[in-house]
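# Observations on chain architecture
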Amino acid sequence: MTSPSIPLVVAIDGPAGSGKSSVSKAVADRLDFAFLDTGAGYRALAWLMLDRGVDTADAAAVVAELDTFDVEIGTHPHRHFVRVGETDITEAIREPRVTAQVSAVARVPRVREHLTGLFRSVAEQATEAGIVVEGRDITTVVAPDAPVRILLTASEEARMARRSAQITTQSAETVAHALRTRDRADSQVVDFMTAADGVTTVDSTHLDFEQTVDAVIDVINTARTSQ
Ligand SMILES: Nc1ncnc2c1ncn2[C@@H]1O[C@H](COP(=O)(O)OP(=O)(O)OP(=O)(O)O)[C@@H](O)[C@H]1O
Ligand SMILES: Nc1ccn([C@@H]2O[C@H](COP(=O)(O)O)[C@@H](O)[C@H]2O)c(=O)n1
């Protein structure tokens, strides 16, 4: 039984373009849950390194900036924002120049430790009945004891097609290359392609967006009724 004061944590992992952010936001909206896009935390740090001219390949230099990395990630599905200090970077962190640097900062162990602490704190402080936390290592590192743990995946072809439809400023080949490169780099750090014990896989390859949202909510409802 979940205590009314502790939000139900729904942990969702998956590869690039699997729909984690958009599906998780829609699920949180349907259930009146909070929503935490942990990728935005890593993207915000990558943005800050670019803004400060820090070489993201220099792990020590990146770690040296953590003490002044003042990031805030909005958790309301309709009012999602990302701020560093007073600067709103909600849109900026999605730029290809930031995406190209994010895996470099995400591979630094001290960075992961710092951000994992932040994510856990945000989840604990949620005032809603639940919070959907999405990323790469939520089901395995950030919230391995979450009552609901899902691996949201899709075929590489489907993920590339979806991402290409999203990013119209680049050719399909460029988008596909960037997605493969990022997944390869990310999988050196954490396995987000294989469901760990107790994690339910939702494969959306042949599902549309709403069907995927329904499938995730079904997993959540099944877990809630079995508690
Ligand atoms: N089942 C689906 N059918 C069709 N389109 C989908 C489906 N799921 C997600 N999408 C669309 O695919 C695109 C990528 O989704 P999203 O950005 O949420 O992926 P992501 O897993 O968060 O990617 P990344 O990890 O790179 O941020 C979005 O435009 C989203 O609306
Ligand atoms: N829990 C996480 C979440 C993200 N990352 C890294 O951030 C990159 C961007 O994530 P998106 O979900 O916004 O695409 C991702 O490619 C990882 O490098 C992570 O390591 N752990």
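Now for a description of the structure that goes with this document. These numbers come from a predicted model, not from an experiment.

## Quick notes on the site of ligand 1
If you check the shell around ligand 1, you find 18 residues, and the closest are Lys 20, Ser 21, Ser 22, Arg 163 and Arg 182. Between ligand 1 and Gly 19, the relevant distance is 2.9 Å, taken from an oxygen atom to a main-chain nitrogen or oxygen of the residue. Here an oxygen atom of ligand 1 sits 3.3 Å away from a polar atom, N or O, in the side chain of Gln 166. Isolated, ligand 1 exposes 640 Å² of accessible area, and the fraction of that covered by the protein chains is 82%. Residue assignment for the shell around ligand 1 shows that the elements contributing at least two residues are α1 (20-31), α7 (156-166) and α9 (209-225). Within the shell around ligand 1, the residues separate by chemical class into 4 nonpolar, 8 polar and 6 charged.

## Remarks on the site of ligand 2
The environment of ligand 2 is formed by 15 residues, the closest being Arg 43, Arg 112, Asp 137, Arg 182 and Asp 186. Between ligand 2 and Arg 43 there is a distance of 2.6 Å, counted from an oxygen atom to a side-chain nitrogen or oxygen. At 3.2 Å from a nitrogen atom of ligand 2 is found a main-chain nitrogen or oxygen belonging to Arg 136. Protein contacts shield 97% of the accessible area of ligand 2, which totals 450 Å² for the unbound molecule. Residue assignment for the shell around ligand 2 shows that the elements contributing at least two residues are α2 (38-52), α4 (96-106) and α8 (172-186). Looking at side-chain class alone, the shell around ligand 2 contains 4 nonpolar, 4 polar and 7 charged residues.

## A few points about the packing of aromatic side chains
Scanning the model with the defined rule gives 1 aromatic pair in all. Geometrically, the ring pair formed by Tyr 42 and Phe 119 is tilted, given 6.0 Å between the ring centres and 55° between the ring planes. Taken together, the positions of Tyr 42 in helix α2 and Phe 119 in helix α5 (residues 109-124) put the pair 77 residues apart, joining distant regions of the chain. Each member of the pair, Tyr 42 as well as Phe 119, is classed as buried. When the ring centre of Phe 192 is taken as origin, the NZ or CZ atom of Arg 136, which lies over that ring, is 5.4 Å away.

Thresholds, definitions, all that
Residues numbered from 1 in each chain as written. Chains lettered and ligands numbered in written order. Predicted model: local features only at pLDDT ≥ 70, side-chain atom pairs only at ≥ 80, totals over all residues. Heavy atoms only, no water. Near = heavy atom within 4 Å. Polar contact = N/O pair within 3.5 Å; in protein donor to acceptor, adjacent residues only side chain to side chain. Areas by Shrake-Rupley, 256 points an atom, 1.4 Å probe, with all protein chains shown as cover. Helix = DSSP H or I, 4+ residues; strand = E, 2+ residues; numbered from the N terminus. Nonpolar A, V, L, I, M, F, W, Y, C, P; charged D, E, K, R; others polar. Phe/Tyr/Trp six-rings, centres within 6.5 Å; stacked < 30°, edge-to-face > 60°. Buried < 20%, exposed > 50% of the residue type's maximum accessible area, 1.4 Å probe, protein only. Lys NZ or Arg CZ within 6 Å of the ring centre and 35° of its normal.

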